[in-house]
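# Close look at the chain arrangement
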Amino acid sequence: MCAIALSFLQSESAHIEQVRNENPRPPNVVLFLVDDLGYGDLGFMGHPTSQSPAIDRLAAQSKVFTQFYVTSSLCSPSRASLLTGRYQLRSGIYPIVLFPDNPQGLPTNETTIAKLLKNQGYRTLITGKWHLGVGYKGEYLPAHHGFDDYLGVPYSHDMCPCYVCFPDDKPCYDTCWDTHVSCPLFSNTSIIEQPTYLPELSDKLLTRATQFLEERKMDNTPFFLYMSFLHVHYPQFASARYEGKSSRGLFGDGLLELDNSINLVLETLDRLDFTDNTIVWFLSDNGPDLEHQERGGSAGPLRCGKGTTWEGGVRVPATVRWPGHIAPGRTDELFSSLELLPTIAAMTGANISGLTLDGFDASDFLFGRSSQSPRKFFAMYPRLPTRTAGPQAVVYGKWKAHFSISGSNTFDPDTYDDMCSSTHPFTAHEPPLVYDLAVDPGEHWNVVNDSRARLALELITAWRDEHMATMTWMPSVTDVHEPRSQPCCTNRYCDDFPSCCDCPVNASLVTSTSLL
C-alpha cells in the first residue's frame, strides 16, 4: 500500500513539474475575499444546511488550509495585511476599522499585490468592498494602490443607511448607520450611484468581473482579479433569484448569491481557457459577526468570533487552486494571509527584494518541493492593539498561548460564552493560557502545566519578545474623523447634509461625480 502511495506521489510530482515547464506564461491571479465568513459557514467545512456548491467544488480542486489565520479579527486591518504582506501596524491601519468619515487610508507608498503585479504588466481589477480609505479627493481609493479599475462600495454596507435589502423594497433587518451618507457605488474614483441599490449590486459587480475577463482574452494580457464581496456581512441582502431560496434564512440567501457569483466567474475562466493558468485564492477577512446571532455566521467548532483573538475570530476558511501545479488536498500546516503577497510574487516572477515583509514565500510547499510551511509562529493582535501590550496571542504549530484575553463589542452580550462579549474585560495572564489546537481547536482546556506545553511556551515567549522588539508601528490613521470627508455625489458642503449627498441614478442615464 505504501509503495502504491509513493508511486502516486512521484507520478503527481512529475506531472506538476512537466506542466510547469511547458507553461512559461506568467499565471493569472484571482482572489475571492468573503466578508465575515466563519470557519463553520460552508458546506465543505461541515455546515449541515449551508448551500455553497461552487465553493465546495472549488475546495475539492484546491489545497485546503485547516489552520489559516488572518492578522486581525476586523475588516480594515485584516485587508491591509492581506494586500501588503505586512502586519497592519506597519501601515497604520489600526486599532479599528476605517469609517466613512475617516479622511485617511492605506498609505500610497505601501506595495500591494495589485501594484506588484501591475508593474509586471498585469491588468488589475477590484470589485466590491475596499475598506482601506477614500480621502477627501479619492486619494486612498484602489486607483492609487495598483488597480486599473474599481467597481464597488468603499466600506461595509452597514456603515450607511440601509433601508432596502431585498426586491420590492423589502427592508433590511435594521436601518444601520442612518446618520451617515448613503452607500456610494464607485467606478474608479467617480460615484455613479448614491445610494446604491443592494438587491442589484451583486449582479453589477459580477458583470464587471466577467467583462474584465473577456477583455483580457481579447488583449491577451495576464490579470489580477480581486473580488472582495460584501457578502456575507450583516445585513444580508439578495436579488429575487436568491431571496428565500436557501434553508438557512437570510444568511443562507446571501451566501447562495455569493456562491453563484463565484460559480459564474469560474465558469468564465473555463470558457475562456484561463483555468489551467490561473491561481485562484479563496478566504475570509475574519471570523463571523456573532453580535447578530444567526444572521452573523458560524465559527463551527472554534471559540468566539469577530473582534477577538480566540480561534473563531482569526482562523478562517482558505483554499488555493492552480491545476497541474498545486496538488489538491487538505493541509494542517500553519499559514496566514501574510503569505499571499510573497507567494504570488514567487509564482509570477515579481521582485520583492526591496520590501520589508512579515509573510513568507510558500510556493515550495504548495508545489510539493517541501513538506512543511515556512511559517512557524504567528502573532495575533487584539481589537485595540498597543505597542506595550503587544500580541495578545501567538501560535506555534499546534500550540497557542494567550498572554491576555478580552471580549468584544461585536458580540451579543447574552452570548453563552462570557469570554467573547465586551462584558469580559482585558485580562493579562501570567503564565499565559496554553492550548493544544490539534486536539482542542475550541480552546477549552488550558494545558500550561503539561511539560510539552511548557517547552512550547518558552519558544513562543522568546519569539514574541523578538517580534515586539523589531515591529515597526506607524501612527494610526483610523482615529481621525471628519463628517464632511464622507463620499458625496453632489457637494459635501451642501446644506442638508448628509441626505443632500444622494444622487439617484435614472435608469437610462448614469450620473457620475468624480472626487478628483
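Everything here concerns the structure above.
Since the model is a prediction, treat every value here as computed from it, not as a measurement. (Residues numbered from 1 in each chain as written. Predicted model: local features only at pLDDT ≥ 70, side-chain atom pairs only at ≥ 80, totals over all residues. Heavy atoms only, no water.)

This part covers unusual backbone geometry. Backbone torsion omega between Glu430 and Pro431 reads 5°, so that peptide bond is classified as cis. Tracing the chain through its elements places Pro431 in strand 18 (residues 427-436). The linkage connecting Phe497 with the following residue, Pro498, adopts the cis geometry, with an omega of 10°. You can see Pro498 is positioned in the loop between helix 10 (451-470) and strand 19 (513-514). Although it is not a glycine, Asp36 adopts a positive phi angle of roughly 65°. At Asp169, a position not held by glycine, the phi torsion is positive, near 60°. Here Asp169 is to be found in the loop between strand 6 (164-166) and strand 7 (170-171). A relative accessible area of 57% means that Asp169 is categorised as exposed. (Helix = DSSP H or I, 4+ residues; strand = E, 2+ residues; numbered from the N terminus. Buried < 20%, exposed > 50% of the residue type's maximum accessible area, 1.4 Å probe, protein only.)

By the definition in use, this model includes seven disulfides. Each sulfur of the disulfide joining Cys162 and Cys176 lies 1.7 Å from the other. Negative torsions about the S-S bond denote left-handed disulfides, and the value of about 85° found for Cys162 with Cys176 makes this one right-handed. In this pair, Cys162 sits in the loop between strand 5 (149-152) and strand 6 while Cys176 sits in the loop between strand 7 and strand 8 (185-187), placing the two residues 14 residues apart along the sequence. Neither residue differs from the other here; Cys162 and Cys176 are each classed as buried. Unpaired in this structure, Cys75 has its nearest cysteine sulfur neighbour in Cys160, at a distance of 13 Å. For Cys75, a relative accessible area of 2% puts it in the buried group. (Disulfide = S-S within 2.5 Å.)

Here we take up the sheet that holds strand 18. The strand order across the open sheet built from four strands is 15-16-17-18, with neighbouring strands paired in antiparallel fashion. Edge positions in the sheet fall to strand 15 (377-380) and strand 18, since each has one partner strand and no second. For this sheet, the mean angle separating the axes of adjacent strands, direction not counted, is 15°. With four bridges joining them, strand 16 (residues 393-396) and strand 17 (residues 399-405) adopt antiparallel strand pairing. The residue of strand 17 that forms the bridge with Tyr396 is Trp399. Seen against the sheet, helix 10 touches strand 15, strand 16, strand 17 and strand 18 and runs at an angle of roughly 60° to strand 17. (Pairing = 2+ DSSP bridges. Axes fitted to C-alpha atoms, helices over the stretch in contact; angles between N-to-C directions. Contact = heavy atoms within 4.5 Å.)

Here we take up the pairing of strand 1 (residues 28-34). Judged by how many residues are buried, strand 1 sits mostly within the fold: seven of seven residues are covered. Pairing of strand 1 with strand 11 (residues 278-284) involves seven bridges; the strand directions are parallel. By the bridge assignment, Val30 is partnered in strand 11 with Val280. In this sheet, strand 10 (residues 223-228) lies alongside strand 1 in parallel orientation, the contact comprising five bridges. Note on strand 10: the bridge partner recorded for Leu31 is Tyr226.

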